[in-house]
Amino acid sequence: MVGMLGFFGKKNGEISFDQVLKDLCYTGDEVLDTYHDEQLKIGLAQHPTFFEEQPVDLEDDLKLWVWGTSFGYFQSDSYVNRAQISGDSSGLDCFKQAYDRYGSDFIQHVNGDYCGVLYDNSQNKIQLFTNRLASRPIFYLSTDRAIYFSSSIQPLISINDEEVTLSDDFLAEYLILRRVLGEKTPIDEISKVPPASSLTYDPTSGVNISNYWMPKYAYSEQSKDELCERFLDILTDNMNTLVGSYDKLGVLLSGGSDSRLIASLIDEPELYHMTYWKESTETQTAKKIARHLDTELTILETDEGYYERALEENPKMMDFMGLFTQGHASLFDQVYKDDVDVMITAQFMDTFFKGYVYPEKKIKMPHYYDLPIPYYKGPTEIDEVVDILKSKSSGAEQYIDKTIDQILKTNIHNYKETTMLHGVEYSNFENMVKAMNYYPLTNQIDHFAYYSMVQRTPYINPLIDYRLINLHLCIPPEYSLRNNIVHQAVSQVDQELASIPHPATNVSLTASWLTQYIGYLSSWAYREYILTNGSKNDAGWTYDIGDLLRNSETVNQLLTNTADIQQLGIVDEDELIECYNNHRSGEDHAKAIEIIVTLLSMNVDFAALSTGDNEITQNT
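Now for a quick tour of the structure. Since we're looking at a predicted model, the values are computed, not measured. (Residues numbered from 1 in each chain as written. Predicted model: local features only at pLDDT ≥ 70, side-chain atom pairs only at ≥ 80, totals over all residues. Heavy atoms only, no water.)

1. What about the pairing of strand E10 (residues 146-150)?
Along E10, five of the five residues are buried, which leaves the element largely enclosed by surrounding structure. Neither face of E10 is open: one carries Ala 146, Tyr 148 and Ser 150, the other Ile 147 and Phe 149, and all of them are buried. Note: strand E9 (residues 139-142) against E10, four bridges, orientation antiparallel. Its bridge partner being in E10, Leu 141 is matched across the sheet by Tyr 148. The hairpin formed by E9 and E10 contains three residues between the paired strands. (Buried < 20%, exposed > 50% of the residue type's maximum accessible area, 1.4 Å probe, protein only. Helix = DSSP H or I, 4+ residues; strand = E, 2+ residues; numbered from the N terminus. Pairing = 2+ DSSP bridges.)

Printed below as a string of structure tokens:
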């Protein structure tokens, strides 16, 4: 596990900082760097591939720590690619050059996937900063004596000397929505630093947070061909930077369009495909893509046992965001480390370029199928936003003594000149609706798929590029919903690669939008009514978690441990057991069961939280 942990100020008594920091490095491959003086103690754990000694001395009394990497930085009238900076293998030189040019405003100019700490010893203050999306979160707890900060909640609970308590509302929000939105967490005293923000702390004035960027949609009048050209130019430039920085790149390949585009932009990539059913359409398509690219494909096989291990391992890295199964490929980390320098995925391409930010319209159809309609008309009322968020519910309401409606309504505020969602500010209501699924990125329901790769593997996501985010903000909804820019980009790079049918539609990427839409519907009907029960999930890369939750002894032990469940406070034990037994009897309550076993498997002593006894214990 990698990340940051630290505190600044005065503390009461002794805290187990060194031991907690050491416990972060549980894979044994991390490189640990520490610094301390009379006021600050900080540790930074990194993958060896990305290691460079820190802090960086920006000035005599100004020190910088960065967790993550940069792609380049913006000048007033141009962009400096990381590859243009001589000898910059880690990306730290981008921060140094940006500081030399812009001084204290340098963070807003650095493009990349990072968070960091700036320590001004002469002014006796510290600054915690996030990138535009807060893709790598910083959690903090402040008192009148000190501020404690970490890239993970779990160690933060242990190193501080204050009482911390569970929030019933935000614990319920996690169980129902599978994440806690905005800057909130299920622990009352702990918050996230907002996206595109700097949090400054000094012992005299305490915490002050300033924002340097917000997503503001302003649609371009350019044609979709011109926008596609811009998209491909930016992505190619970033991929060329990565290819030039590392000797061997690996790509997690599905059979879809996103990852095949990424793979096509790398010369001789190592390709990996995760599957539990080798005969699936998804897996067969991945093999066709690899053959066309003349590259060997490594098959990563999963089974029920793989997800049993995931239940044991993944919650150690989790901060009340997502499900243990969403660390899809995390347990194959040793395979990647043996073969490549850096792993790359195409996650978030669908968010920014396939219309996933727009609330989906559906028409009720027979046989329990909702027909998706590629048309956007945004909500105008808070109640509508609440309904959109509730539509992704886990179903945990059946055993929780809380309602999500009131929690959400209490934390959404629409003012005359700004809108707030769980403490994060947006320029207006419309921009909040469109950006709330990625600003901050921890609002993504599957953020843990990204975060688990960050934690266990040297990993870079090229989609977290400010130039691509800026482009996303100017693409009209109809181009995302009814004109697939990613498909068009694959066609421009390699026509034959684009001709390989997409497994979800069984038609090529070059086909018209209407043809692909009909193909999607017919493929769904084929999976639903023709395939046998054993192969219903023709995607191939995900296991039917419902059966695991019915049959797993680990799950049974977690859900019958009444002491742990009672410590959660808001969970009705009898109703939970009824939900579990109904699932074991054949009903489908997989989502509701999966979220509670994820929570119960985290390394958090909920009894200690409720009493203020701040110890983390290993769940066994």
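2. What to know about the pairing of strand E15 (residues 270-275)
Along E15, five of the six residues are buried, which leaves the element largely enclosed by surrounding structure. Where strand E14 (residues 249-252) meets E15, three bridges bridge the pair, whose relative direction is parallel. Paired with Val 251 across the two strands is Leu 271, which belongs to E15. On the question of chirality, the crossover connecting E14 to the parallel E15 by way of helix H6 (residues 258-264) is right-handed. The pairing of E15 with strand E16 (residues 297-301) spans five bridges and is classified as parallel. (Right-handed = clockwise from strand over helix to strand, strands pointing away.)

3. Some thoughts on the sheet that holds strand E21 (residues 419-421)
The three strands are arranged E20-E21-E22 in an open sheet whose pairing can be described as antiparallel. With one partner strand each, in any of the chains shown, strand E20 (412-414) and strand E22 (424-426) form the two edges of the open sheet. On average, each strand axis in the sheet is tilted by 20 degrees relative to the strand beside it, whichever way the strands run. One ladder, built from three bridges, connects E21 with E22; its direction is antiparallel. Counted as the bridge partner of Leu 421 is Val 424 from E22. (Axes fitted to C-alpha atoms, helices over the stretch in contact; angles between N-to-C directions.)

4. Details of the packing of helix H23 (residues 573-584) against helix H24 (residues 590-601)
Any two packed helices are characterised by the angle at which their axes cross and by the distance between the axes. Relative orientation of the contacting elements H23 and H24 amounts to 125 degrees, with a least axis distance of 10 Å. What the angle tells us is that H23 and H24 run oblique. Here H23 and H24 pass one another in a crossing that is left-handed. In this structure, H23 uses Leu 576, Cys 579, Tyr 580 and His 583 to contact H24, whose residues at the interface are Ala 590, Ala 592, Ile 593 and Ile 596. Tallied by class, the residues present in the contact of H23 with H24 amount to seven nonpolar, one polar and no charged. (Parallel < 35°, antiparallel > 145°, perpendicular 65-115°, else oblique. Left-handed = near helix turned anticlockwise from the far one by under 90°. Contact = heavy atoms within 4.5 Å. Nonpolar A, V, L, I, M, F, W, Y, C, P; charged D, E, K, R; others polar.)

5. With respect to the pattern of salt bridges
Evaluated as defined, the whole model comprises 20 salt bridges. When the shortest N-O distance is used, the salt bridge between Arg 145 and Asp 144 registers 3.5 Å. Residue classification places Arg 145 among the partly exposed positions, given a relative accessible area of 25%. A salt bridge links Arg 456 to Asp 333, with the shortest nitrogen-to-oxygen separation between them at 3.4 Å. Residue Arg 456 is located in helix H14 (residues 447-456), and its partner Asp 333 is located in helix H9 (residues 333-339); the two are separated by 123 residues in the primary sequence. Using a relative accessible area of 9% as the deciding quantity, one classes Arg 456 as buried. Connected through salt bridges with shared partners, the residues Asp 29, Glu 313, Lys 316, Asp 333, Lys 337 and Arg 456 form a single ionic network. (Salt bridge = Lys/Arg side-chain N within 4 Å of Asp/Glu carboxyl O.)

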